[in-house]
Amino acid sequence: QVQLVESGGGLVQAGGSLRLSCAASGRTASTYTMAWFRRAPGKEREFVASITGSSATYTDSVKGRFTISRDNAKNMLYLQMDSLKPEDTAVYYCAARKMSNREYADWGQGTQVTVSS
């Protein structure tokens, strides 16, 4: 089991930027796919982005605005969010999945991102 802790959330105006961080308890680069999910008010959790090795995948609504990255030496995951929109307002969660598994089993507690108009 991997322990995950998110940070970096906050309040920002539309068009602004935030950088989220996720600290993992152990080395995950060789074994895990890492991802960001979010849950907006009144909506179900949705996939945002994932990274396996150096290969990244994004949901269509954030392509060109968000960038997922890893620092393997520090065992950190990041989500750089630019050109933020009010619809990006959500609790953002870091998640980890063993590459041999189908589901994400390890989750952080989340960090709130609020984008005002």
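Everything that follows concerns the structure shown earlier in this document.
Heads up: these notes are all about the structure in this document.

Calculation rules
Residues numbered from 1 in each chain as written. Predicted model: local features only at pLDDT ≥ 70, side-chain atom pairs only at ≥ 80, totals over all residues. Heavy atoms only, no water. Salt bridge = Lys/Arg side-chain N within 4 Å of Asp/Glu carboxyl O. Helix = DSSP H or I, 4+ residues; strand = E, 2+ residues; numbered from the N terminus. Buried < 20%, exposed > 50% of the residue type's maximum accessible area, 1.4 Å probe, protein only. Pairing = 2+ DSSP bridges. Disulfide = S-S within 2.5 Å. Contact = heavy atoms within 4.5 Å. Phe/Tyr/Trp six-rings, centres within 6.5 Å; stacked < 30°, edge-to-face > 60°. Lys NZ or Arg CZ within 6 Å of the ring centre and 35° of its normal.

Re the pattern of salt bridges
Applying the stated criterion across every chain yields a total of 4 salt bridges. Across the pair Asp60 and Lys63 runs a salt bridge whose closest N-O atoms are separated by 3.0 Å. Among the salt bridges present, the one from Arg65 reaches Asp88, with a minimum N-O distance of 2.8 Å. Taken together, the positions of Arg65 in the loop between β6 (55-58) and β7 (66-71) and Asp88 in the loop between β8 (76-81) and β9 (90-98) put the pair 23 residues apart, joining distant regions of the chain. Exposure class is identical for Arg65 and Asp88. Each is buried.

Some thoughts on the pairing of strand β11 (residues 111-116)
Residues Thr111, Val113 and Val115 point to one face of β11 and are all buried, whereas Gln112, Thr114 and Ser116, pointing to the other face, are not buried. The sheet contact formed by strand β2 (residues 10-13) and β11 spans 4 bridges and is parallel. Bridged to Gly10 within β11 is Val113. Bridge count for β9 against β11 is 3 bridges, and the pairing is antiparallel.

Considerations on the state of the cysteines
Scanning the model with the defined rule gives 1 disulfide in all. One disulfide bridge connects Cys22 with Cys94, the sulfur atoms lying 2.1 Å from each other. A torsion of -75° about the S-S bond marks the disulfide between Cys22 and Cys94 as left-handed. Residue Cys22 is located in strand β3 (residues 18-24), and its partner Cys94 is located in strand β9; the two are separated by 72 residues in the primary sequence. For the pair formed by Cys22 and Cys94, the shared burial category is buried.

What about the side chain of Ser21?
Examined against the element boundaries, Ser21 turns out to sit in strand β3. Residue class for Ser21 comes out buried when judged on its relative accessible area of 15%. In this view, Ser21 contacts Val5, Glu6, Ser7, Trp36, Met76, Leu77 and Tyr78; residues no more than four positions away in its chain are not counted.

Notes on the packing of aromatic side chains
Using the criterion set out here, one finds 4 aromatic pairs in the structure. Here Phe37 and Tyr104 contribute two aromatic rings whose centre-to-centre distance is 5.2 Å and whose plane-to-plane angle is 75°, an arrangement assigned as edge-to-face. Highlighted residues: Phe37 in strand β4 (residues 32-39) and Tyr104 in the loop between β9 and β10 (106-107), separated in sequence by 67 residues. Overall, Tyr104 belongs to the buried group, its relative accessible area being 18%. A centroid spacing of 4.9 Å and a plane angle of 55° characterise the contact between Phe37 and Trp107, whose relative ring orientation is tilted. Placement of the pair is Phe37 in strand β4 and Trp107 in strand β10, with a sequence separation of 70 residues. Each member of the aromatic cluster is reached from another via a ring pair, and the members are Phe37, Phe47, Tyr104 and Trp107. Over the aromatic face of Tyr78 sits the side chain of Arg19, whose NZ or CZ is 4.0 Å from the ring centroid. Between the NZ or CZ atom of Arg45 and the centre of the ring of Trp107, over which it lies, the distance is 4.1 Å.

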